[in-house]
Amino acid sequence: MLTFNKHNAMMIINQHGGEKMTDEKKLRSVIEKRGLKLKYVAEQIGLSYYGFLLKLTNKKEFKTSEVLALCELLQIESLKEKEEIFFACKVD
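Residues numbered from 1 in each chain as written. Predicted model: local features only at pLDDT ≥ 70, side-chain atom pairs only at ≥ 80, totals over all residues. Heavy atoms only, no water.

A. Broad picture of the pattern of salt bridges. Applying the stated rule across the entire model yields four salt bridges. A salt bridge links arginine 28 to glutamate 24, with the nearest nitrogen and oxygen atoms 2.9 Å apart. On the criterion of helical spacing, the pair formed by arginine 28 and glutamate 24 is a turn pair, its members being four residues apart in helix H1 (residues 24-33). Accessibility expressed as a relative area gives 32% for arginine 28, which makes it partly exposed. Between lysine 80 and glutamate 84 there is a salt bridge, with its nearest N and O atoms 3.3 Å apart. Here glutamate 84 and lysine 80 lie together in helix H5 (residues 79-86), a separation of four residues that amounts to about one turn. In this structure lysine 80 comes out as exposed when scored by relative accessible area, which is 57%. Here glutamate 84 falls in the partly exposed class, since its relative accessible area comes to 30%. The network of salt bridges with common partners includes Lys26, Lys80 and Glu84. (Salt bridge = Lys/Arg side-chain N within 4 Å of Asp/Glu carboxyl O. Helix = DSSP H or I, 4+ residues; strand = E, 2+ residues; numbered from the N terminus. Buried < 20%, exposed > 50% of the residue type's maximum accessible area, 1.4 Å probe, protein only.)

In structure tokens, the structure reads:
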């Protein structure tokens, strides 16, 4: 994998050439810790379940408004945690 800085955000290029921004494992972990279901989270931020999964798995990018809504819903207040989840430098 190759990393580079684009518009001040670290990104990962996967083997298929796509960019990864969201750390899916960390976001799923926060959702689980809050005791929430993916479908509920999707509805709360105005997405369909399928649309949320596309963004969670880096097939599509989250909009800024969706990231803000997720942070509020999931009580993610730390800038460090936000960066780790939504501007991932390393995604497994």
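B. Here's a closer look at H1. Every buried residue belonging to H1 is among Leu27, Val30 and Ile31, and all of these are buried. Summarising the axial view, the buried residues of H1 lie within an arc of 100°, below the 170-degree limit, and thus occupy one face. Across H1 from its buried face, at more than 90 degrees, point the exposed residues Lys25, Glu32 and Lys33. Against the buried residues of H1 lie helix H2 (38-44), helix H3 (49-56) and H5. One side-chain oxygen at the N-terminal end of H1 lies 3.2 Å from the backbone nitrogen of lysine 25; it belongs to aspartate 23. Taken from the residues just after H1, glycine 35 is the one with a positive phi, measuring 75°. (Arc of directions from axis to C-beta. Contact = heavy atoms within 4.5 Å. Polar contact = N/O pair within 3.5 Å; in protein donor to acceptor, adjacent residues only side chain to side chain.)

C. Geometry of the packing of H1 against H3. Running from N to C, H1 and H3 point in directions that differ by 135°, and their axes come no closer than 10 Å. In terms of orientation, H1 and H3 fall into the oblique class. Contacts between H1 and H3 involve Glu24, Leu27, Arg28 and Ile31 from the former and Phe52, Leu53 and Leu56 from the latter. Its residues assigned to classes, the contact of H1 with H3 comprises five nonpolar, no polar and two charged. (Axes fitted to C-alpha atoms, helices over the stretch in contact; angles between N-to-C directions. Parallel < 35°, antiparallel > 145°, perpendicular 65-115°, else oblique. Nonpolar A, V, L, I, M, F, W, Y, C, P; charged D, E, K, R; others polar.)

D. Focus on the packing of aromatic side chains. As enumerated under the stated definition, the model contains two aromatic pairs in all. Ring plane angle 90° and centroid distance 6.1 Å describe the contact between phenylalanine 62 and phenylalanine 86, whose orientation is recorded as edge-to-face. Remark: phenylalanine 86 occurs in helix H5 and phenylalanine 62 occurs in the loop between H3 and helix H4 (64-73); sequence separation between them is 24 residues. Judged by relative accessible area, which is 13%, phenylalanine 62 ranks as buried. (Phe/Tyr/Trp six-rings, centres within 6.5 Å; stacked < 30°, edge-to-face > 60°.)

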